[in-house]
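Next come the chains, spelled out residue by residue.
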Amino acid sequence: MNELKAPHIREAADYILQRSSLRPEIGLIMGSGLGILGDHMENAVTIPYREIPHFPISTVEGHAGELMIGTLSGRPSVLMRGRFHMYEGYGPELTSFPVRVMKALGVRTLVVTNAAGGINTGYEPGDLMLISDHINLTGRNPLVGPNDGELGARFPDMSEAYSRRLRELARETARKMGFELREGVYIGVLGPSYETPAEIRMMRTLGADAVGMSTVAEVIAARHSGIEVLGISCISNMASGILDQPLSHQEVIETTERVKSRFLGLVTALATLL
Ligand code: HPA
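Residues numbered from 1 in each chain as written. Predicted model: local features only at pLDDT ≥ 70, side-chain atom pairs only at ≥ 80, totals over all residues. Heavy atoms only, no water.

What about a nonpolar patch on the surface?
Rule in force here: Each patch is built from salt-bridge-free residues with over 30% relative accessible area, joining like charges within 9 Å and nonpolar side chains (Val, Leu, Ile, Met, Phe, Trp, Tyr) within 5 Å. The method behind every accessible area is Shrake-Rupley, applied with a 1.4 Å probe, and residues are considered shielded solely by the protein chains displayed. Any carboxyl oxygen of Asp or Glu that lies within 4 Å of a side-chain nitrogen of Lys or Arg is treated as forming a salt bridge with it. Only DSSP runs of H or I reaching four residues or more are called helices, and only runs of E reaching two or more are called strands; each is numbered from the N terminus. Only protein chains enter the accessibility calculation, which uses a 1.4 Å probe; a residue is then buried when its area is under 20% of its type maximum, exposed when over 50%, and partly exposed in between.
Judged by side-chain polarity, Leu-137, Met-202 and Leu-206 come together as a nonpolar surface patch covering roughly 250 Å² of accessible area. Mapped onto the elements of the fold, Leu-137 is located in the loop between β6 (128–136) and α4 (164–177). On the accessibility criterion, Leu-137 (36% relative accessible area) is partly exposed.

So, in structure tokens, the structure goes:
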């Protein structure tokens, strides 16, 4: 149940605001290997998670575990380098705590990115997919427990979890940069084991195009908070059973590495428009 309450969120936000004079409007949560977006930030202040009151600490390889406040394409932004996953043992409310803090900092738009396995057989590793919607298959929800009406509604609407307006902007921006984005449904699972081929067939039947172990809890908390969301997945591998080869974290890292500059270029260009 939700142990983190409004005073904890306030305390974390106050600490961050004391370290930077910027008031971020855009929040960015970058998946494995993409935290390097921080290198494109100007006037940045870096704060390790361990220094922020009530912040969890991420344990997965390839995640730095620090918050950066700075400007991205001139827009005041806050970037999470490394996120919290439920498979690390964090509850959904801890996983999405940074989103609550972003809201308290003044963030109105959240960009979430992740690595995901391609379920849609028309996809290829290296494709970037706009998330049009999600299916929460984690069995968890960050809003379970008493609702704080100051934070959001008891039964928040999820009918446009991933903003249509922002998707249109992203599509146009990618086109101007000379590439097309895929667009599809992200199915969020708990992990950390990869799926079985039977599970992937089930997910395809359910209408999913890509699968991953993050994002859904963060996006539920963001929508509860009234934050507009843009989600982009990097298809880092084909999901289990599609190709005659085992899945590995190494493949995920290598594909992300390969498309990193395109991915970061897109997010940087988008920042001016959000
Ligand atoms: N499954 C689940 N999560 C993932 C995958 C996958 O195939 N690839 C990257 N994250």
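Back to the text.
Section: the site of the ligand
Short version of the rule: Residues are classed as near a molecule or strand on a simple rule: at least one heavy atom within 4 Å of it. Two N or O atoms count as a polar contact when they lie within 3.5 Å, although within protein this holds only if one can serve as hydrogen donor and the other as acceptor, and sequence-adjacent residues are included solely when both atoms are side-chain atoms. The classification used treats Ala, Val, Leu, Ile, Met, Phe, Trp, Tyr, Cys and Pro as nonpolar, Asp, Glu, Lys and Arg as charged, and all other residues, Gly among them, as polar.
Around the ligand, the neighbouring residues are Ala-115, Ala-116, Gly-117, Tyr-194, Glu-195, Val-211, Gly-212, Met-213, Ser-236, Asn-237, Leu-247 and Val-252. At 3.3 Å, a backbone N or O of Gly-117 approaches a nitrogen atom of the ligand. In the complex, the protein chains occlude 94% of the 260 Å² of accessible area that the ligand would expose alone. Contributing elements (two or more residues each) for the shell around the ligand: β5 (109–118), β8 (210–212) and β9 (228–238). In terms of residue count, β5 provides more of the shell around the ligand than any other element does, 3 residues in total. Classifying every residue of the shell around the ligand by side-chain character gives 7 nonpolar, 4 polar and 1 charged.

A look at the nonpolar core
Applicable threshold: In this description, a nonpolar core means a group of buried Ala, Val, Leu, Ile, Met, Phe, Trp, Tyr and Cys residues linked to one another through side-chain atoms lying within 4.5 Å. Contacts are assigned to residue pairs with any non-hydrogen atoms lying within 4.5 Å of each other.
Residues Ile-16, Ile-52, Phe-55, Leu-67, Val-101 and Leu-110 are the most contacted members of the largest nonpolar core, which totals 40 residues. The element contributing the most residues to this core is helix α1 (residues 6–19), with 6 residues. Residues within four places of Ile-16 in sequence aside, it is in contact with Ile-47, Ile-52, Leu-67, Ile-69, Val-101 and Leu-105. Leu-28, Met-30, Leu-72 and Cys-234 belong to the second largest nonpolar core, which has 29 residues in total.

Here we look at the packing of α1 against helix α3 (residues 97–105)
In plain terms, the rule: Helix axes use the C-alpha atoms of the stretch in contact, all axes being lines fitted to C-alpha atoms, and the angles between their N-to-C directions lie in the range 0 to 180 degrees. For classification purposes, an angle smaller than 35 degrees is called roughly parallel, one larger than 145 roughly antiparallel, one from 65 to 115 roughly perpendicular, and anything else oblique. Should the near helix be turned counterclockwise from the far one by less than a right angle, the crossing is left-handed, whereas a clockwise turn marks it as right-handed.
In contact at an axis separation of 9 Å, α1 and α3 are set at 60° when each is read in the N-to-C sense. With respect to their mutual orientation, α1 and α3 come out oblique. In this structure, the crossing between α1 and α3 has a hand that is right-handed. Contacts between α1 and α3 involve His-8, Ile-9, Arg-10, Ala-12, Ala-13, Ile-16 and Leu-17 on the former and, on the latter, Phe-97, Arg-100, Val-101, Ala-104 and Leu-105. Each residue belonging to the contact of α1 with α3 can be placed in one class, and the counts come to 9 nonpolar, 1 polar and 2 charged.

Observations regarding the environment of Ile-36
With respect to the helices, strands and loops of the structure, Ile-36 is situated in the loop between β1 (26–30) and β2 (42–48). Sequence separation of Ile-36 and Lys-260 is 224 residues, and the distance between their C-alpha atoms is 8.9 Å. Excluding residues within four positions of it along the chain, Ile-36 makes contact with Arg-81, Lys-260 and Leu-264.

Observations concerning the packing of aromatic side chains
Stated precisely, the cut-off is as follows: Stacked, edge-to-face and tilted are the three classes for Phe, Tyr and Trp ring pairs, Trp counted by its six-membered ring, which pair at centre distances within 6.5 Å; planes under 30 degrees apart are stacked, over 60 edge-to-face, the rest tilted.
As enumerated under the stated definition, the model contains 5 aromatic pairs in all. Judged by centre distance (6.1 Å) and plane angle (75°), the ring pair of Phe-55 and Phe-84 falls under edge-to-face. A residue pair is termed long-range when its members are at least 10 positions apart, and Phe-55 in the loop between β2 and β3 (66–72) and Phe-84 in the loop between β4 (75–81) and α2 (92–95) qualify at 29 residues. Seen from their ring centres, Phe-55 and Phe-97 are 5.9 Å apart, and the 70° between their planes marks the pair as edge-to-face. Of the two residues, Phe-55 sits in the loop between β2 and β3 while Phe-97 sits in helix α3, which places them 42 residues apart along the sequence. Since its relative accessible area comes to 1%, Phe-97 is described here as buried. Through pairs of rings, three or more aromatic residues link up here, namely Tyr-49, Phe-55, Phe-84, Tyr-90 and Phe-97.

Brief notes about α1
Counted only if it meets this: To estimate the expected span of a helix, count its residues, drop one, and scale the result by 1.5 Å.
In this model, α1 (14 residues) spans 20 Å end to end at C-alpha, consistent with the 20 Å of a helix rising 1.5 Å per residue. On its buried face, α1 is in contact with β2, β3 and α3.

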